[in-house]
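Observations on the model geometry
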Amino acid sequence: MALIARRITILLLDLSLLAFSQPTRAAQAEEGRGEFVAGELIVGIKPGTSLNALRLPENAALKRTSHQLARLNAVLLSVPPGEEQKLAAELRHTAGVQFAEPNYLVRPDLIPNDPRWGQQYGPLHIQAPQAWDITTGSSSVIVAVIDSGMDAGHPEFSGRILPGYDFIEQDATPQDGCGHGTHVAGILAAEGNNATGIAGLTWGAHLMPVRALGDYCVGTVLAVAEGIVWAVERGARILNLSIGTPFPSSLLENSTYYAYTHGAALFAAAGNSGTNSIIYPARYSWVMAVGATDSGDLRASFSNTGPELDLMAPGKDILSTTPLGPFYYEIYGVTREYGILSGTSMATPHAAGAAALLASLPQFDTPDKIYQALTQTALDLEAPGRDDNTGYGLIQTYAALNFIPTIVPTPTPIPPVISYDLLKSTTCSNLLQYQWRDATPGSQVPIFGNDAYASLSLPFPFTFGGVSYTSVTVSANGYLTFGGAGGVADNFLIPGIAQPNQFIAPFWDDLNPQPGNVYQRTLGSAPNRQFVVEWRDVPTVASPTSQLTFEAVLFETSHNILLQYHTMQGSDADGRSATIGVECADGTAAREYAYNQPGAVKNGLALLFVPYSSGLPPSLNCQVYTRQADQNGGLFTAPPFCVEIPAGALQHAATLEIRPLSEAPPMPSDWLDLQHAAEITLSLSPPPPLSPWPEAYVCYHYTAEDLIRAGGYPQNLFLAIYEPATRKWQSLATIAQPAQGTILARAPHFSIYGVATYARPGRLPVTGAPLSPGLILLLVLLGTIAVGGTAWLHGRRRS
């Protein structure tokens, strides 16, 4: 996969996650003939969504948790076998769900062969002997082999194996029962110059065995992802992934990106089907995809090709270490202690071993510098420059060690200069009102059918995310993109790694427009023209009888973006399966209005996205409290609400917004709604998924009127949070602070907050404290005054 300095983002999450229950060996062998583990689904959760609020199908249940995957905010569900794909599709349209996918199986990428070659050719062909004159590796470099484990008793690894972990048996003994992991480790790091056996690429690096494949050489993406996070948290700088799957996995994508952004260089097998399709995780742009060559430096016939291929290394008939005791690959004639195997699995540790040598030198202190050195010094094997058959070419380790890196990558994306503020007609009517722009007098956009798209020339240059564009692609699926993929149906949380990028999404869902459903029109005259794209009476694929009419408007001078909703009819027309917002900066930044949120849109709603580069956002003019928060935390007040963030709770800078609401969803009938509500949001930069939801508290300054309605005691007031996923209010454990005149509750996440007490007098006071005689007299007096005042007012009106 072509290299370096790719601008990518994270769509990772931050919640508890569930670990994987390993099947028996017999079951593993049976499952090895399928594509995924029967009865399991992996589900990613949107940051800030409570697990308790997540609506699961009746026949789905949560399984165990693990610390490592909590970093990725995914959960493992148990579901009835045979219903995995059906329930995954259902969950993808559930509020608060980021992704849902089967627990795909992963396998090693090798081709077993009978031993017939007793000498190593691999190190010679990638300049290892010359490289060893510069360095044989450093003990400060940790290489994680995420595979089937290792035989710790093999003499080639004596004194250099660090404590590992077994994500198959869930213990600290990652013993290799397959044989694959030990073979890979020998290519990478068998002891050299010891008059025994073979020599690996790096003799000084420490090895960290992580077992993610069982004794029958089959594992799952869940175990691999756990292993990746576990290894990176313990200092692994090089990750060898001689495994793969043809199926894209959000969990695998997220875990490898987590490793990359935490300073680890990743090398993965390109695949052994001989097809033009690189497998995962090698296919991801931040992972080096390694293909295999033979002893003549020709591409091995089994080695996959494709535009994501980066490097080639010896992979055919490779002699390396094998377990000393019984192991699965013995059925293929592979011998104990040392044996011969072929595959891109064998090519990958040649590349990872070379990377470990580079990592021992100070100038190669980031993954991108290692990637650049290996690709820019590789030996061209076919067409000049990079090609899909052999990537950049065959690794040349000595030349790479002498390469001077010319890049200074950043480990995490830098927030863009341009940000987007969001104004809603429902909360900012003084600045924004719904006013439909009819585009049907214009011309039809030729997109007919599911996943269709068309490119249009813009009537004026439009600046989006700080970049000027003269054309835009209109997608049938309810979004506009500037250079991204136009036919993507499955929406996701933004910002996101996957395509599309650089887009405006008025209603990104799986839509199915027919001729006469999509129009374009230009209104006004320069320099105040408006370009309108309208989706009219468009049905969704899931609900063919639905009719959705909405539009996106681009403004010439201000470069504002207006999204409006005219008539939204149908069961899925309210946003419950749609992404609404804008994403820019190659997917590193976004302003999201809603993701799979029931009730997010309604007829007559207008949303305005306003770009700004400095100063205060425009929303301050519509009574929105906006403040910047950092690691110091603090108390942020927007009367009558306030937010308290303890020092150290935030790992990164954040933007806090408190937006007073004139109306909020109705509360339960046994509550007395005090008619005070606010929408509170916290936007982290970089966005959350890599850190847990920060500790935060919401507080409310109560009034004398609030106390009267609560029976005279602040203890009878409580804060409540509205859960969009369930469309219900949830009361929070609330503490009264009479000295400050506030009530306080911990925020499980930020959403709409309201204040209530109990409607039935019998439930007051909730503390059990009796009303004092003086307070009773005061309440009676206030009531008498209120009644008398009302009678006087009525009398005035009659006169």
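Another point: the overall build of the protein. Looking only at helices and strands, one finds 13 helices and 40 strands in the protein. With 799 residues in all, the protein has 59% of them scored as buried. A separation threshold of at least 6 residues defines the contact pool for the protein, and within that pool the share at least 24 residues apart is 74%. In the structure as shown, the protein presents an accessible area of about 29800 Å², 52% of it carried by carbon and sulfur atoms.

The next thing to look at is the packing of aromatic side chains. Considering all chains together, one arrives at 31 aromatic pairs under this definition. Aromatic pair Tyr216 and Tyr328: ring centres 5.4 Å apart, planes at 65°, arrangement edge-to-face. Note that Tyr216 is positioned in the loop between β8 (206–211) and β9 (219–220) and Tyr328 in the loop between β15 (318–321) and β16 (338–342), a separation of 112 residues in sequence. Take Tyr216: its relative accessible area is 30%, and that puts it in the partly exposed class. A relative accessible area of 26% means that Tyr328 is categorised as partly exposed. Here Tyr284 and Trp286 contribute two aromatic rings whose centre-to-centre distance is 5.5 Å and whose plane-to-plane angle is 10°, an arrangement assigned as stacked. Put simply, the rings of Tyr257, Tyr260, Tyr280, Tyr284 and Trp286 pair up and form one aromatic cluster.

Here we take up unusual backbone geometry. Here the amide bond leading from Ala526 into Pro527 is cis, since omega sits at 5°, within 30 degrees of zero. By the secondary structure assignment, Pro527 is in the loop between β23 (518–523) and β24 (530–538). A cis geometry characterises the amide bond from Pro639 onward to Pro640, with omega recorded as 5°. With respect to the secondary-structure elements, Pro640 resides in the loop between β31 (634–638) and β32 (641–645). Its identity as a non-glycine residue notwithstanding, Asp297 has a phi of 60°, on the positive side. As for its position among the elements, Asp297 is in the loop between β13 (287–293) and β14 (311–314). Under the relative-accessibility criterion, Asp297 is labelled partly exposed at 23%. Phi at Gln675 is positive, roughly 65°, even though this residue is not glycine. Here Gln675 lies in strand β34 (residues 671–685). Its relative accessible area of 59% is what places Gln675 among the exposed residues.

A few words on the sheet that holds strand β7 (residues 165–166). With parallel pairing, seven strands are arranged side by side in an open sheet as β7-β8-β6-β10-β12-β13-β14. The open sheet has two free edges, formed respectively by β7 and β14, since each of these has just one partner strand. This element, helix α10 (residues 367–376), spans β10 (238–241), β12 (265–269), β13 and β14 of the sheet and lies at about 50° to β12.

Further remarks concern the pattern of salt bridges. For the structure on display, the rule yields 19 salt bridges. Between Glu657 and Arg659 there is a salt bridge, with its nearest N and O atoms 3.5 Å apart. Summarising the burial analysis for this pair, Glu657 and Arg659 share the class buried. A single salt-bridge network, built from bridges that share partners, covers Asp421, Lys424, Arg591, Glu657, Arg659 and Glu679.

If you trace the backbone, Thr136 turns up in the loop between α5 (128–132) and β6 (142–147). Relative accessible area serves as the criterion here: at 25%, Thr136 is assigned to the partly exposed category. C-alpha of Thr136 to C-alpha of Gly192: the two residues are 56 residues apart in sequence and 8.8 Å apart in space. Not counting chain neighbours up to four residues away, the residues in contact with Thr136 comprise Thr202, Trp203, Gly204 and Leu357.

Next up on the list: the confidence of the model for the protein. With 83% of its residues at a pLDDT of at least 70, the protein reaches an overall mean of 83. The lowest-confidence element of the protein is helix α1 (residues 25–31), averaging 31 in pLDDT; the highest-confidence one is β10, averaging 98. Confidence drops under a pLDDT of 50 for residues 110–117, and excluding neighbours within four residues, the segment shows 31 contacts in the predicted structure. Segment residues 686–691: pLDDT under 50, and 20 contacts once partners within four positions in sequence are set aside and those in other chains are kept.

What follows concerns the packing of helix α6 (residues 180–189) against helix α9 (residues 344–359). Between α6 and α9, the least distance of the axes is 8 Å, while the angle of their chain directions is 40°. The orientation of α6 with respect to α9, classified from their angle, is oblique. In the packing of α6 onto α9, the handedness of the crossing is right-handed. Residues His180, His183, Val184, Ile187 and Leu188 of α6 lie in contact with α9, whose contacting residues are Ser345, Met346, Pro349, His350, Ala352 and Gly353.

Right, let's get into the state of the cysteines. One pass over the structure, following the stated rule, counts two disulfides. Here Cys642 pairs with Cys699 through a disulfide, and the sulfurs are 1.8 Å apart. Taken together, the residues Cys642 in strand β32 and Cys699 in strand β35 (residues 697–701) connect sequence positions 57 residues apart. Each member of the pair, Cys642 together with Cys699, is buried.

Moving on: the packing of α9 against α10. Viewed as axis vectors pointing N to C, α9 and α10 meet at an angle of 120°, and their least axial separation amounts to 10 Å. Taken together, the axis directions place α9 and α10 in an arrangement best described as oblique. Between α9 and α10 lies a crossing of right-handed hand. Packed against α9, whose contacting residues are Ala351, Ala354, Ala355, Leu358 and Ala359, the element α10 presents Ile370, Ala373 and Leu374 at the interface. Classifying every residue of the contact of α9 with α10 gives eight nonpolar, no polar and no charged.

The next thing to look at is the environment of Phe36. Position of Phe36 relative to the elements: it lies in strand β1 (residues 36–45). Given the relative accessible area of 18%, Phe36 is considered buried. Here the alpha-carbon distance between Phe36 and Val221, two residues 185 residues apart in the chain, equals 9.1 Å. Here Phe36 is in contact with Glu84, Gln85, Pro102, Asn103, Tyr104 and Leu105, once residues within four sequence places are set aside.

Parameters at a glance
- Residues numbered from 1 in each chain as written.
- Predicted model: local features only at pLDDT ≥ 70, side-chain atom pairs only at ≥ 80, totals over all residues.
- Heavy atoms only, no water.
- Helix = DSSP H or I, 4+ residues; strand = E, 2+ residues; numbered from the N terminus.
- Buried < 20%, exposed > 50% of the residue type's maximum accessible area, 1.4 Å probe, protein only.
- Contact = heavy atoms within 4.5 Å.
- Areas by Shrake-Rupley, 256 points an atom, 1.4 Å probe, with all protein chains shown as cover.
- Phe/Tyr/Trp six-rings, centres within 6.5 Å; stacked < 30°, edge-to-face > 60°.
- Pairing = 2+ DSSP bridges.
- Axes fitted to C-alpha atoms, helices over the stretch in contact; angles between N-to-C directions.
- Salt bridge = Lys/Arg side-chain N within 4 Å of Asp/Glu carboxyl O.
- pLDDT = per-residue confidence, 0-100.
- Parallel < 35°, antiparallel > 145°, perpendicular 65-115°, else oblique.
- Left-handed = near helix turned anticlockwise from the far one by under 90°.
- Disulfide = S-S within 2.5 Å.
- Nonpolar A, V, L, I, M, F, W, Y, C, P; charged D, E, K, R; others polar.

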